[in-house]
Amino acid sequence: MEIKLPHLGDGIDSAVVLSVLVSPGDMVTKDQTILELETDKAVAPIPCPAAGKVIAIHVKSGDTVSMGTLVLSIEGDSASSTATAPVASAQAAVAPVSVSSAPTPTPSTGPLGSYTFESASGAEPPASPSIRKMSQLFGLDLRRIRGTGNGGRITTPDVQAHLSHLQFVAFQVPATTPAIAAPTKPATPALPDFSKFGSIEIQPITSLRKKIGQKMSDAWTTVPHVTQFDEADITQLMALRKKYVPEYEKKGIKLSVTVLLLKAVVDALKKFPIFNSTYDEANGQMIMKNYFNFGIAVDTDNGLIVPVIRNVDQKSLETLSADLSTIAEKARTRQVSLEDLQGSSFTISNLGSLGVGPFTPIVNTPEVAILGLSKGVTKPVVIDGKIEIRTLLPLSLSYDHRIIDGADGARFTREIIAGIEQFNEEYLKGN
Amino acid sequence: MSTHSVDLVVIGAGPGGYAAAFVAATHGLTVALVDSDTNLGGVCLNRGCIPSKALLHLAKLIREAESASHHGVTFGKPKIDLDQIRTWKTSIIDKLSGGVAHLAKKRNVTVLNGRGLFQSSTTLRVDSPNGQSYVTFKHAIIAAGSRPALPSAFDLGSHRVMTSTEALELADIPARLLVIGGGYIGMELGTVYSALGSKVSVVEAQSSILSGADPDLIRPVVKFSQTHFESVWTSTKVQSMQSDGKTVKVTLANETKTWEENFDRVLVSVGRSPNSQNLGLENTKVQLDDRGYIKVNSNLATDDPSIYAIGDIIGGLMLAHKASKEARIAVDNIVGDPTRFENPIIPAVVFTDPEVAWAGLTETEAKAKGIAIKVSKFPWGASGRALTFDRTDGLTKLILEPGTDRILGVGIVGVGAGELIAEGALAIEMGATAADLGEVIHAHPTLSETLMEAAEVYYGTSAHG
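Residues numbered from 1 in each chain as written. Chains lettered and ligands numbered in written order. Predicted model: local features only at pLDDT ≥ 70, side-chain atom pairs only at ≥ 80, totals over all residues. Heavy atoms only, no water.

## Some remarks on the overall build of chain B
Then, number 1: Along its length, chain B carries 13 helices and 22 strands.
Then, number 2: Taking all 465 residues of chain B together, 53% fall into the buried category.
Then, number 3: Put simply, 62% of the contacts in chain B that link residues at least 6 apart link residues at least 24 apart.
Then, number 4: Accessible surface, chain B as shown: approximately 20,600 Å² in total, 52% of it carbon and sulfur. (Helix = DSSP H or I, 4+ residues; strand = E, 2+ residues; numbered from the N terminus. Buried < 20%, exposed > 50% of the residue type's maximum accessible area, 1.4 Å probe, protein only. Contact = heavy atoms within 4.5 Å. Areas by Shrake-Rupley, 256 points an atom, 1.4 Å probe, with all protein chains shown as cover.)

## Some thoughts on the pairing of strand S14 (residues 258-263) of chain B
All names here are of chain B.
Then, number 1: Here S14 shows one buried face, formed by Trp259, Glu261 and Phe263, and one open face, formed by Thr258, Glu260 and Asn262.
Then, number 2: The pairing of strand S13 (residues 247-253) with S14 spans six bridges and is classified as antiparallel. The residue of S14 that forms the bridge with Leu252 is Trp259.
Then, number 3: Between S13 and S14, which pair antiparallel and follow one another directly, the connecting turn spans four residues. (Pairing = 2+ DSSP bridges.)

## Some details on the interface of chain B and chain A
Then, number 1: Each partner contributes residues to the interface: chain B has 17 residues there, and chain A has 18 residues.
Then, number 2: Of all residues in chain B, Arg406(B), Glu429(B) and Met430(B) give up the largest surface area on contact with chain A, accounting jointly for 32% of the area buried on that side.
Then, number 3: Run the count over chain B and chain A and you get three salt bridges.
Then, number 4: The salt bridge partner of Lys133(A) is Asp332(B), with a shortest N-O separation of 3.0 Å.
Then, number 5: The residue inventory of the side of chain B that touches chain A, partitioned by class, reads five nonpolar, four polar and eight charged. (Buried area = accessible area lost by both parts, 1.4 Å probe. Salt bridge = Lys/Arg side-chain N within 4 Å of Asp/Glu carboxyl O. Nonpolar A, V, L, I, M, F, W, Y, C, P; charged D, E, K, R; others polar.)

## Quick look at the sheet that holds strand S20 (residues 374-379) of chain B
Sheet strands pair via backbone hydrogen bonds, and the direction of the pair is either parallel or antiparallel.
Residues and elements named next belong to chain B.
Then, number 1: Reading across from one edge, S18-S19-S22-S21-S20 is the order of the five strands in this open sheet, with antiparallel pairing throughout. Because the sheet does not close on itself, it has two edges, and the strands there are strand S18 (348-350) and S20. Averaged over all neighbouring strand pairs, the angle between strand axes comes to 10°, with direction disregarded.
Then, number 2: Judged from the three bridges that link them, S18 and strand S19 (residues 355-360) form a sheet pairing that is antiparallel. Counterpart to Val349 in the pairing with S19 is Ala357. (Axes fitted to C-alpha atoms, helices over the stretch in contact; angles between N-to-C directions.)

## Here's the deal with the sheet that holds strand S3 (residues 27-28) of chain A
Residues and elements named next belong to chain A.
Then, number 1: The strand order across the open sheet formed by four strands is S1-S8-S6-S3, and the pairing between neighbours is antiparallel. Strands at the two margins of the open sheet, each flanked by one partner only, are strand S1 (2-4) and S3.
Then, number 2: Of the pairings in the sheet, the one linking S1 to strand S8 (residues 70-75) comprises three bridges and is antiparallel in character. Within S8, the position partnered with Glu2 by the bridge is Ser73.

## Description of the confidence of the model for chain B
Then, number 1: Scored by pLDDT, chain B comes out at a mean of 96, with 100% of its residues at no less than 70.
Then, number 2: With a pTM of 0.61, the predicted complex shows an ipTM of 0.71. (pLDDT = per-residue confidence, 0-100.)

## Here's the deal with the environment of Asp127(B)
All names here are of chain B.
Then, number 1: In this fold, Asp127 is placed in strand S5 (residues 123-128).
Then, number 2: Taking the C-alpha atoms as reference, Asp127 lies 5.1 Å from Arg115; in sequence the two are twelve residues apart.
Then, number 3: Only 2.8 Å separates the side chain of Asp127 from the side chain of Arg125, close enough to count as a polar contact. (Polar contact = N/O pair within 3.5 Å; in protein donor to acceptor, adjacent residues only side chain to side chain.)

## Considering the environment of Thr302(B)
Residues and elements named next belong to chain B.
Then, number 1: Tracing the backbone shows Thr302 in the loop between strand S16 (272-274) and strand S17 (307-309).
Then, number 2: With 15 residues separating them along the chain, Thr302 and Gln287 place their C-alpha atoms 7.1 Å apart.
Then, number 3: Residues contacting Thr302, with those up to four places away along its chain left out, are Val286, Ile294, Lys295, Val296, Ile307, Tyr308 and Ala309.
Then, number 4: One polar contact links the side chain of Thr302 to the main-chain amide nitrogen of Asp304, over a distance of 3.0 Å.

## Considerations on the packing of aromatic side chains
Then, number 1: Under the criterion given, the structure shown has twelve aromatic pairs over all chains.
Then, number 2: When the centroid spacing of 6.4 Å and the interplanar angle of 75° are considered together, the rings of Phe272(A) and Phe275(A) count as edge-to-face.
Then, number 3: Since its relative accessible area comes to 17%, Phe272(A) is described here as buried.
Then, number 4: Relative to Phe137(B), the ring of Phe118(B) lies with its centre 5.9 Å away and its plane at 80°, an arrangement referred to as edge-to-face. Separated by 19 residues along the polypeptide, Phe118(B) in strand S4 (residues 115-118) and Phe137(B) in strand S6 (residues 131-142) bring together distant segments of the chain.
Then, number 5: Residue Phe118(B) is classed as buried on the basis of its relative accessible area of 1%.
Then, number 6: In this structure an aromatic cluster arises from ring pairing among Phe272(A), Phe275(A), Phe294(A), Phe346(A), Tyr399(A) and Phe412(A).
Then, number 7: Looking at Lys263(A), its charged tip hangs above the ring of Tyr427(A), at a distance of 5.2 Å from the centre. (Phe/Tyr/Trp six-rings, centres within 6.5 Å; stacked < 30°, edge-to-face > 60°. Lys NZ or Arg CZ within 6 Å of the ring centre and 35° of its normal.)

## A word on the packing of helix H1 (residues 15-26) of chain B against helix H8 (residues 320-334) of chain B
Residues and elements named next belong to chain B.
Then, number 1: Running from N to C, H1 and H8 point in directions that differ by 30°, and their axes come no closer than 8 Å. On the basis of their axis angle, the class for H1 and H8 is roughly parallel. As H1 runs across H8, the sense of the crossing is right-handed. Residues Pro15, Gly16, Ala19, Ala20, Val23 and Ala24 of H1 lie in contact with H8, whose contacting residues are Ala320, Ala323, Ser324, Ala327, Arg328 and Val331. (Parallel < 35°, antiparallel > 145°, perpendicular 65-115°, else oblique. Left-handed = near helix turned anticlockwise from the far one by under 90°.)

## What about the packing of helix H3 (residues 49-67) of chain B against helix H4 (residues 82-106) of chain B?
Residues and elements named next belong to chain B.
Then, number 1: Contact geometry for H3 and H4: axes closest at 10 Å, N-to-C directions at 140°. Accordingly, the angle class assigned to the pair H3 and H4 is oblique. Note on packing geometry: the crossing formed by H3 with H4 is right-handed. Contact with H3, carried on its side by Ile50, Pro51, Ala54, Leu55, His57 and Leu58, involves Ile85, Trp88, Lys89, Ile92, Ile93 and Leu96 of H4 and no other residues of that element.
Then, number 2: The residue inventory of the contact of H3 with H4, partitioned by class, reads ten nonpolar, one polar and one charged.

## Some remarks on H3(B)
Residue and element names in this part refer to chain B.
Then, number 1: If you check H3, its first and last C-alpha atoms are 26 Å apart, about what 19 residues at 1.5 Å a residue would give, namely 27 Å.
Then, number 2: Those residues of H3 not exposed but buried are Pro51, Ser52, Ala54, Leu55, Leu56, Leu58, Ala59, Ile62 and Arg63.
Then, number 3: On its buried side, H3 packs onto helix H2 (42-47), H4, helix H5 (164-169), helix H6 (184-196) and helix H7 (215-228). (Expected span 1.5 Å × (residues − 1).)

## What about the side chain of Asp233(A)?
Residue and element names in this part refer to chain A.
Then, number 1: Structurally, Asp233 is set in strand S9 (residues 225-233).
Then, number 2: Classification of Asp233 by relative accessible area gives buried; the value is 12%.
Then, number 3: Within the structure, Asp233 has its side chain in polar contact with the side chain of Thr235 (distance 2.5 Å).
Then, number 4: If near-sequence neighbours (up to four positions away) are discounted, Asp233 is found in contact with Arg390, Thr391, Leu392, Ile420 and Glu421.

## Quick look at the pattern of salt bridges
Then, number 1: Applying the stated rule across the entire model yields 39 salt bridges over all chains.
Then, number 2: Its salt-bridge partner being Asp408(A), residue Arg411(A) comes within 2.9 Å of it at the nearest N-O pair. Of this pair, Arg411(A) and Asp408(A) both sit in helix H9 (residues 406-421), three residues apart, which is roughly one turn of the helix.
Then, number 3: Here Arg411(A) falls in the partly exposed class, since its relative accessible area comes to 47%.
Then, number 4: Take Asp408(A): its relative accessible area is 29%, and that puts it in the partly exposed class.
Then, number 5: The partner of Arg391(B) in a salt bridge is Asp353(B), and the shortest N-O contact between them spans 2.9 Å. Here Asp353(B) lies in the loop between S18 and S19 and Arg391(B) lies in the loop between helix H10 (384-388) and strand S21 (395-400), a separation of 38 residues in the sequence.
Then, number 6: Shared partners join several salt bridges into a network, and the residues in it are Asp214(B), Asp216(B), Glu363(B), Lys377(B) and Lys397(B).

## Focus on the environment of Ser349(A)
Residue and element names in this part refer to chain A.
Then, number 1: Considering the arrangement of structural elements, one finds Ser349 in strand S15 (residues 346-350).
Then, number 2: Placed 24 residues apart in sequence, Ser349 and Leu373 show a C-alpha to C-alpha distance of 6.2 Å.
Then, number 3: With sequence-adjacent residues up to four places away left out, Ser349 is seen in contact with Ala297, Phe359, Ile370, Leu371, Gly372 and Leu373.

Here is the structure:
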């Protein structure tokens, strides 16, 4: 049985093999992770769609692969004979796409990025009708393509060179984006020989760990972080939850405080849309997002992953509860697909279950803000001159000071707290 | 009552509509084509381009036979058999219309004869003498075309006042014919009736006939009409018209005087109006502009996402080949290829004697828009081919972009200009330069050489210019 790569997720055409976790002769079980792939979005484990013995491995670390690439041949356990991987949309039965480990062709002409066609008569760039139609279908702006034909006419090879150039540039992004390139990283000094001081043990780290490390240091060096701490009184929220728990239980839904918090936060985000944006420093602009997709930081055996709940603003508490359980289950069973990891516009990191206080979360770039939730603590609080016992939830909001100032950070924090403390009961009814 | 469920319904079986239906069918869509005329092909085929060109062919034969006497060949006076001409003309229409019906059948396009009325954005009712049927559709393309405008002041309810539709029926050869409107339709039909023996007068409100075209291209046509027509009154308006016995009395006025003339028939050719009424568009989200044309975007989609519109009904140049191209763009978009109708090069041909044709930018347009151009002309007096049939009253010119020598426009007047313009359109569409055109070998002796020569004149290397 041949195992081919499934659909990797919308907008992901290819990925690079980071590591192959099985060897020929290994027995694999269904859903066992066989590969780790790296895209510009994340590292994703690829589970095996069927159990059996590995006969051959067709890819190696560093290969560029895409949907339909043949990755593994296994034998045995022929009960499941179709090569469908459960990750993502499970449509792996397509013609194999050739594995390419060759480097992306570099454009033969010089830098094209700044070229723009201009004509005194206002005419469009000279190009044949078929090339103009092609440009419409590909969404290419012919004015950005330098024509080499007679009278500057754009020829088919000109379009090909331009496309190669675009692809080249696209794959060069980490090296050319000033935001990342600017702080020149000092060379890592050589490590001392620790064995001189006592016994040591070398342990390899996973590629997911490497990816997390790289991402965190990129975010840390690029984003000037500010973290705003505060506390929200969740006594009332917990009482509300308690009131509705039986009603939700009847439908088999576990109503958590977290789910209520998602709703309160998304309402605050709508009032402060800059916290749901991306700072496009290269082009000197902000990208405001009209969708509210929350990344939910999840702790797994292999390290941190951040699956996404989409359209939080449009979903009922019932749906959000179901989404949260699905994410948790997928993370536990290593079934999170690349698609599940894409498209968040704001991230929440909840360490409450671990019983700790405030912390300084790192912004999940290219987002601009992240909200950390800690353990709710019962405390005496002075209300109207009287001491009352209330439950307070520590909030830690980190944000990108390049585009968000401290006052807005404070206002947004207050808005979240207000949403939590005066939680809209309609959300609980309207499911 | 029957109901059809299709991917695409096309309303109007003219050159836009039938092209849309057939192209969509080749893409695998199920298609219904609705037209109230049992003869498919629309105005162009039944009441426009095709019958007028058949009659213009006869006009040309008559003129050439006359002029042959200057070259030593003399024919007798031609005998005109109107019945036979009509039969011949009808046979051409039948052949082409039958061809369209045959192609529809071959491509499994369902043809529904009847008037299409939108009930909603997904349903069309078709009213026919045999009853009603309904078509539910995913997409619709409106290609219902246009009809000759007949202002109420000219509509005397008399058969003596004709539009192009009646003029092409050729009921008789009026002794005196007045053509109101010196646009291409009036000038073409005037040419026909004049050759058949009518004394033709043209009245035009603008200062020139065929206004809008470059003056140097019009000049030979003006000269022809001055020679062969009884009168050409420019800057003149028709004040009123009334029936007067077996004639029509027309009051004409220009800046200096007002006078009356009697004509046996009057042809009103003052423009065309879109057939956008009575389509049930109020039951859709389709919007019209203030002149009744359907509003579309560059993908030819209307304000109703499931409905596209093409051809005369969206305005612009009311030409069959524009509609046919738009048909392809609309179908492209429906099948998911987002092509656009942008900066199109639409050749225009006036089938007068001589023919006038242009494509791309004209001198008139460049002047109006303040676009700097260079113009290179090759008069046909130096064309050996033109001399061989004694028609040196032609001119070929290139409109060029200074600096790049790119061909932005081509204008031609002369015998066969309508055929010659194709090379001009190709040159513009390909982004060719004058040098490209000059480098291409053109067969000798042909009129196509005039395009090459015009390019060579520009570089001062012409052998004959």
